[in-house]
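The lines below spell out each chain.
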Amino acid sequence: AASREGGWEFVAAGPTTSIREEVYEPEVIGHFGLRGVIGKGGMGPGTLRACREHGAAYFHAVGGAASLIADTVKEVLAVYKKDEFGVPEALWVIRAEGFPVVVTMDSHGRSIHDEVEQTSKAALECLLAGS
């Protein structure tokens, strides 16, 4: 985001690799009452458990599409921890329209990441058995 007179303008809004936050995410979801987390690459069992316990979801955004995603941000409502974390790592409260994400972990305990991993492992075993 770039500062401009009267507010902020998003010029890039790319997701970060989520799994590096897995160790903290369950506590963050519970402590702040988050209903959703956006990232790329998926999360682990702790986050899935927290989504189920707190009625949250993990939203998967496509990496490498930061300018496309930024176009969907219509308004910055608030910015927190900008001075401590810097602009890229600050906590942003935004209003977006048509934000391109897919729910890949839900509040019912479903993880598309786990399903894809299991299906891929089974397909690999079939391929290896045939060689």
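Preceding this paragraph is the structure being described.
So, how was this worked out
- Residues numbered from 1 in each chain as written.
- Predicted model: local features only at pLDDT ≥ 70, side-chain atom pairs only at ≥ 80, totals over all residues.
- Heavy atoms only, no water.
- Salt bridge = Lys/Arg side-chain N within 4 Å of Asp/Glu carboxyl O.
- Helix = DSSP H or I, 4+ residues; strand = E, 2+ residues; numbered from the N terminus.
- Buried < 20%, exposed > 50% of the residue type's maximum accessible area, 1.4 Å probe, protein only.
- Patch = residues over 30% accessible without salt bridge, like charges linked within 9 Å, V, L, I, M, F, W, Y side chains within 5 Å.
- Areas by Shrake-Rupley, 256 points an atom, 1.4 Å probe, with all protein chains shown as cover.

Asks: Looking at this model, I keep getting lost on the pattern of salt bridges. Mind explaining?
Replies: Taken as a whole, this structure holds six salt bridges when the rule is applied. The residue Glu-53 makes a salt bridge to Arg-49 at a minimum N-O spacing of 3.7 Å. Note that Glu-53 and Arg-49 are positioned in helix α2 (residues 45-54) at a spacing of four residues, about one turn of the helix. Classification of Glu-53 by relative accessible area gives exposed; the value is 53%. The closest approach of N and O atoms between Arg-110 and Glu-115, which form a salt bridge, is 2.8 Å. On the basis of relative accessible area, Glu-115 is assigned to the partly exposed category, the value being 31%.

Asks: Quick question: what am I supposed to make of a nonpolar patch on the surface here?
Replies: Residues Leu-77, Tyr-80, Phe-85, Leu-91 and Val-93 make up a contiguous nonpolar surface patch of about 490 Å² in total accessible area. Looking at the nonpolar patch, the elements that each hand over two or more residues are β5 (73-80) and β6 (91-96). Along the chain, the position of Tyr-80 falls in strand β5. You can call Tyr-80 partly exposed: its relative accessible area is 49%.

That's the geometry; what it means functionally is another story.
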